[in-house]
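# A structural walkthrough
Next come the chains, spelled out residue by residue.
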Amino acid sequence: MTNIIKDFTIKLPQNLNSILKKIDKNLKGLIFVIDEKNKLLGSISDGDIRRGLIKKNISQIVKINSKFVNTKPFFLNYKTDIKTILYHLQNKKNKNKFKCIPLVDEKKIIKDISTIENLRKYPIANLNLGNEEFSKAFDAIKSGWISSKGSYVDQFEKGFSRYLGGGYSVTTTSGTTALELALKTFGVGKGDEVILPNFSFAASINSIISVGATPVVVDIEEDTWTIDIKKIKKRISKKTKAIMPVHIYGQPCRLDEIIQIAKLKKIYVIEDAAEALGGTYKGKKVGLGGDCACFSFYANKIITTGEGGMAVFRKKKNSEIATLIKNHGMSSKNFYYHTIAGSNYRMTNPQAAIGLAQLNRINEFYKSRKKIFDYYNKKFRSFKFIKFLPKNKWSKNSLWLYTIIIQNFKKEKRDTLIKKLLAKGIETRPGFISFNQMKIYKKYCKGSFPYSEKISQSTLSLPTTNISYKDQDYIISQLSDEINRLNKVQR
Ligand SMILES: Cc1ncc(COP(=O)(O)O)c(C=O)c1O
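Calculation notes
Residues numbered from 1 in each chain as written. Predicted model: local features only at pLDDT ≥ 70, side-chain atom pairs only at ≥ 80, totals over all residues. Heavy atoms only, no water. Near = heavy atom within 4 Å. Polar contact = N/O pair within 3.5 Å; in protein donor to acceptor, adjacent residues only side chain to side chain. Areas by Shrake-Rupley, 256 points an atom, 1.4 Å probe, with all protein chains shown as cover. Nonpolar A, V, L, I, M, F, W, Y, C, P; charged D, E, K, R; others polar. Patch = residues over 30% accessible without salt bridge, like charges linked within 9 Å, V, L, I, M, F, W, Y side chains within 5 Å. Salt bridge = Lys/Arg side-chain N within 4 Å of Asp/Glu carboxyl O. Lys, Arg positive; Asp, Glu negative; His and termini not counted. Charge placed at Lys NZ, Arg CZ, Asp CG, Glu CD. Helix = DSSP H or I, 4+ residues; strand = E, 2+ residues; numbered from the N terminus. Buried < 20%, exposed > 50% of the residue type's maximum accessible area, 1.4 Å probe, protein only. Domains from an automatic or database assignment. Pairing = 2+ DSSP bridges.

Of all residues adjacent to the ligand, which total 14 residues, the nearest are Gly-175, Thr-176, Asp-272, Glu-275 and Ser-296. Contact between the ligand and Gly-175: an oxygen atom at 2.8 Å from a main-chain N or O atom of the residue. Coverage of the ligand by the protein amounts to 92% of the 390 Å² it exposes when considered alone. Looking at the shell around the ligand, its residues break down into 5 nonpolar, 6 polar and 3 charged.

Residues Lys-378, Lys-379, Arg-381 and Lys-391 make up a contiguous surface patch of positive charge. On the secondary structure map, Lys-391 appears in the loop between strand S18 (386-388) and strand S19 (395-396). What makes Lys-391 exposed here is its relative accessible area of 75%.

Let us look at the domain arrangement of the protein. Domain boundaries in the protein define domain 1 (3-115), domain 2 (131-360) and domain 3 (363-490). Using only C-alpha atoms to locate each centre, domain 1 and domain 2 end up separated by 48 Å.

Right, let's talk about the pattern of salt bridges for a bit. Under the counting rule described, the total for this entry stands at 22 salt bridges. Taking the shortest distance from any N to any O, the salt bridge between Lys-158 and Asp-154 comes out at 3.0 Å. Of this pair, Lys-158 and Asp-154 both sit in helix H6 (residues 151-164), separated by 4 residues, roughly a single helical turn. Using a relative accessible area of 49% as the deciding quantity, one classes Lys-158 as partly exposed. By relative accessible area, Asp-154 is classed as partly exposed at 39%. In this structure, the salt-bridge partner of Arg-429 is Glu-427, at a minimum N-O distance of 3.1 Å.

Most of strand S3 (residues 30-34) is tucked away: 5 of the 5 residues are buried. Both faces of S3 are covered, namely the face carrying Leu-30, Phe-32 and Ile-34 and the face carrying Ile-31 and Val-33. Bridging between strand S1 (residues 9-10) and S3 involves 2 bridges; their strand directions are parallel. Paired with Ile-10 across the two strands is Val-33, which belongs to S3. As paired strands, S3 and strand S4 (residues 40-45) are joined by 5 bridges and run antiparallel to one another. Bridge pairing in S4 links Val-33 to Gly-42. Counting the residues in the hairpin turn of S3 and S4 gives 5 residues, including Asn-38, whose phi is positive at 70°.

The structure is reproduced here in structure tokens:
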């Protein structure tokens, strides 16, 4: 049950005090009565209670029972479009204006409550925090160790390496600082070049710039959406110190070929695996191929610690250097004596506690995402206007965000589609803007970038977590309607 449903519903019998408390909290003067299965039975307003109090002696109604219930409250179907919901919530001409509307399915089970502040939405990603996260975070806080000291940090790091099946994991404050830490660990800085793909979230290129090195941006391949191996070869120079491939949308890149080039040229491979936790490459978990792989635990990622990240090193020695750097470079034996000019990239103990609980549930998350991906794939199969993220034999996607290409859509049309869907409560995301299309990064982008430009402007990510098949049906039908409408307008 979502928080908003909790705030707006009660089960009877209930004492007067707790009903008034809820009504007071939700600020709408109304509460809905539900049964054990969350089926809508009626409503009680503060007016109903006032009238009851006038009629009866207060002592008689310390318990509120079904006599107070309006058994015909206004409600709407969960699939009702946002415009209609808004009409009932705010239209001044509409006499039947409601402050809150339960949205129910065919069996009258409450699926959501719409208020003017909280219209029914399908967010791109939903948080999945449960009892284990709460109790571990509480335990961490209760222990008094709320900084980076405390046992959960070490447990999370060890548990993460165990999950991957190897490597030495070092927690950080974000995926971005994990990348920065990795670059610093390998001594990448001023005068060095790092090759990366043109299609990624800006954290990849920003991390290189922030350590003082020069990004060298190359195009991606159309059949993997990841860095083009041939282009890497062309751009390697004496200054190249590392390659930063990105497993974009959880899609593993051609890692072995990249590692082969890196070995030959004696340069490092730092994988941006922010979106790829749980993905596999040639049967092994993503994160164990290069010299280091960096993951993000931002709220919309596969597992989350709110903000947070992990740098996983192949060699223990490098993880020790990283641990020193992230801890101000302070000697572990000699307090306040610094052997490296480091920084503070430390994750807190309560965050690590949440991370550990999330890690314990990662297979459950994967299964639930897989169901959602499979259903979209099945339903979209016959849609000519949709192209999928390519699949290959040697890797398995982490199933982060369900991302598709809308055929023959360019940026403007795709962005109109995003707005239209949002008006129907469906949150989507455009593809990342390729670096060569942004002024501040242009100087790092030489040559042409046909594939990243094309993919960037026609991709769309759809809501991917905690949704039912019915929700997906609604999303698919709205998407299809809007695409058809936009295609007609253009003709
Ligand atoms: C490809 C990629 N790299 C790096 C990052 C940075 O991670 P964070 O947001 O945790 O700093 C992200 C996160 O959004 C990402 O998608």
